[in-house]
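Notes for the structure review
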Amino acid sequence: MHPQPPSFKPSVITGQTALITGASSGIGAEFAEQLASRGANLILVARSIEKLEALAASLREKYQVEVHTEKLDLSSPDASKRLSQFVTEQGLQVDFLVNNAGFSSIGPAVEMDPDDTDELVNLNVKAVMENTVRFLPAMVSRGGGVIINIAGTGAFQPAPYMAGRTASAAFVLSFTQALSAENADTGVRIFALCPGPTETPMTAGQSSPLGKMRTPAQVVTTALKALDSRKASVVDGRLNAFVARLGSRLPESMILTLAARIMRGTQIQSHSG
Ligand SMILES: NC(=O)c1ccc[n+]([C@@H]2O[C@H](COP(=O)([O-])OP(=O)(O)OC[C@H]3O[C@@H](n4cnc5c(N)ncnc54)[C@H](OP(=O)(O)O)[C@@H]3O)[C@@H](O)[C@H]2O)c1
C-alpha cells in the first residue's frame with residue numbers, strides 16, 4: 001500500500017499544477033481552459049509558442065492562475081527528458097498530466113511517407129509512455145495525482161486508411177488501462193480518454209461517418225466528470241461508446257470490411273471538400 005492522504009480527491013483541482021501536451025489548439029487548449037477555470041496552474045506544451053503564449057495570457061487574465069509555456073517538439077528523441085528537466089528547473093511539480101499531443105496520418109498506408117512513421121510513433125506512443133513513467137513516481141510518492149492519456153475510439157477497432165493512428169491509440173489504451181490497475185491503491189488516478197470524431201484543426205475539412213462531430217468542450221467535460229470514478233478508460237459521447245462496444249463484438253471480417261467501406265467514403269468526401 002502507498003501513502004494516500006485521506007483528503008485526496010482527483011476532482012479537486014484548485015491550486016494543482018496541470019501539464020498539458022498539445023495545448024496550442026483543439027482538445028488540449030480546451031483542457032487548459034477548463035482546468036484553469038477550476039483554479040489549476042498550468043504548464044502548456046506544444047511547438048507553436050505564439051499560440052501557447054496567447055492562450056496563457058488570456059487564461060492568466062481570466063482566471064488569475066499561473067501559466068508556464070514550453071515550446072517543444074515531442075516527437076524529437078529526447079523531448080520527454082527535456083520536458084522533465086524544464087519542470088525541475090522551474091521549481092514546479094506536476095500534479096495533473098494530460099498526454100494529449102497527437103499526430104494523425106490519413107490515407108492508404110501504401111501512400112504514406114515513410115519519414116512520417118517516426119513522428120507518429122515518437123509522438124503518439126513513445127512520448128505518452130515516457131512522460132507517464134517520468135512523472136508517475138513523484139505522484140506515487142506524494143500519494144496523489146492524475147494522468148489522462150488521450151487515445152481515441154479508434155483504439156477499439158482498427159480503421160483502414162488510419163492504420164497507424166488507430167494502432168497508436170490501441171497502444172495508449174492498453175498501456176493506460178494496465179497502469180490504471182497497477183496504481184489502483186497509490187492514490188494516482190490514471191485513465192485513457194477516448195474521443196470519437198471531434199471538431200478540431202485535426203479534423204478540419206473532414207466529415208464524420210457518425211453524423212455531427214463532438215466539440216472539444218464536450219470531450220473535456222466528459223474527462224473531468226470521470227475524475228472521481230475508477231474507470232480505466234472513458235469514451236466521450238453515447239453514440240461513440242455504443243460503436244466502440246459494437247466493434248469488439250462483431251466478427252473481425254465484418255468489422256474490417258465495414259470500416260474499410262466507411263473510411264473509403266470519408267476519404268472521398270474529405271478529398272472533394
Ligand atoms: N479530433 C478528433 O477527432 C480526435 C479523435 C480521437 C482522438 N483525438 C486525439 O486527441 C488529441 C488532440 O487532438 P486534436 O483533435 O485536439 O488536434 P489538434 O487541434 O490538431 O491538436 C494537436 C495538438 O498536438 C500538438 N502537437 C502536434 N505535434 C506535436 C509535436 N510534435 N510536439 C508537440 N506538440 C505537438 C499540436 O500543437 P503544435 O502543432 O503547436 O505543436 C496541437 O496542440 C490527439 O492525440 C488526437 O489524436 C482526436
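Our structure is the block above this text.
Model, not experiment: these values are computed from the prediction.

The final tally for this structure, using the stated rule, is eight salt bridges. Put simply, Glu-33 and Lys-62 hold a salt bridge, and the shortest N to O gap is 2.8 Å. Here Glu-33, found in helix α1 (residues 26–37), pairs with Lys-62, found in helix α2 (residues 49–63); they are 29 residues apart in sequence, far enough to count as distant. Arg-82 is the salt-bridge partner of Asp-78, the closest N and O atoms lying 3.3 Å from each other. You can call Arg-82 partly exposed: its relative accessible area is 35%. One salt-bridge network, in which partners are shared between bridges, spans Lys-126, Glu-130 and Arg-134.

Assignment of secondary structure puts Thr-176 in helix α5 (residues 163–182). Assessed through its relative accessible area of 1%, Thr-176 is described here as buried. Among the polar contacts listed, one links the side chain of Thr-176 to the backbone oxygen of Val-172, at a separation of 2.5 Å. Among all residues touching Thr-176, those that are not within four sequence positions of it are Asn-149, Ile-190, Phe-191 and Ala-192.

A few words now on the nonpolar core. Of all hydrophobic cores here, the largest spans 35 residues; its most connected members are Ile-20, Phe-31, Leu-35, Leu-42, Leu-44, Phe-96 and Ile-148. Of all elements in the fold, only β1 (17–21), α1, β2 (41–46), α2, β4 (96–99), β5 (145–150), β6 (188–194) and α6 (216–225) reach the threshold of two or more residues within this core. Leave out the neighbours within four places in its chain, and Phe-31 touches Ile-20, Val-98, Ile-148, Ile-150, Leu-193, Val-220, Ala-223 and Leu-224. Core analysis: the next-biggest nonpolar cluster, separate from the first, contains 26 residues, Val-87, Leu-123, Ala-127 and Ile-147 among them.

Right, let's talk about the site of the ligand for a bit. In the neighbourhood of the ligand, 29 residues make up the surrounding shell, with Ser-25, Arg-47, Ser-48, Asn-100 and Thr-200 lying closest. At a separation of 2.7 Å, an oxygen atom of the ligand approaches a polar side-chain atom of Ser-25. Here an oxygen atom of the ligand and a side-chain polar atom of Ser-48 are 2.4 Å apart. Relative to its unbound accessible surface of 870 Å², the ligand loses 91% to contact with the protein.

Bringing the pairing of β6 into the picture now. Burial within β6 is extensive, with seven of its seven residues counted as buried. Of the two faces of β6, the one holding Val-188, Ile-190, Ala-192 and Cys-194 and the one holding Arg-189, Phe-191 and Leu-193 are both buried throughout. In this sheet, β6 lies alongside β5 in parallel orientation, the contact comprising six bridges. By the bridge assignment for β6, Ile-148 is matched with Phe-191.

How each quantity is defined
Residues numbered from 1 in each chain as written. Predicted model: local features only at pLDDT ≥ 70, side-chain atom pairs only at ≥ 80, totals over all residues. Heavy atoms only, no water. Salt bridge = Lys/Arg side-chain N within 4 Å of Asp/Glu carboxyl O. Helix = DSSP H or I, 4+ residues; strand = E, 2+ residues; numbered from the N terminus. Buried < 20%, exposed > 50% of the residue type's maximum accessible area, 1.4 Å probe, protein only. Polar contact = N/O pair within 3.5 Å; in protein donor to acceptor, adjacent residues only side chain to side chain. Contact = heavy atoms within 4.5 Å. Core = buried A, V, L, I, M, F, W, Y, C linked by side-chain atoms within 4.5 Å. Near = heavy atom within 4 Å. Areas by Shrake-Rupley, 256 points an atom, 1.4 Å probe, with all protein chains shown as cover. Pairing = 2+ DSSP bridges.

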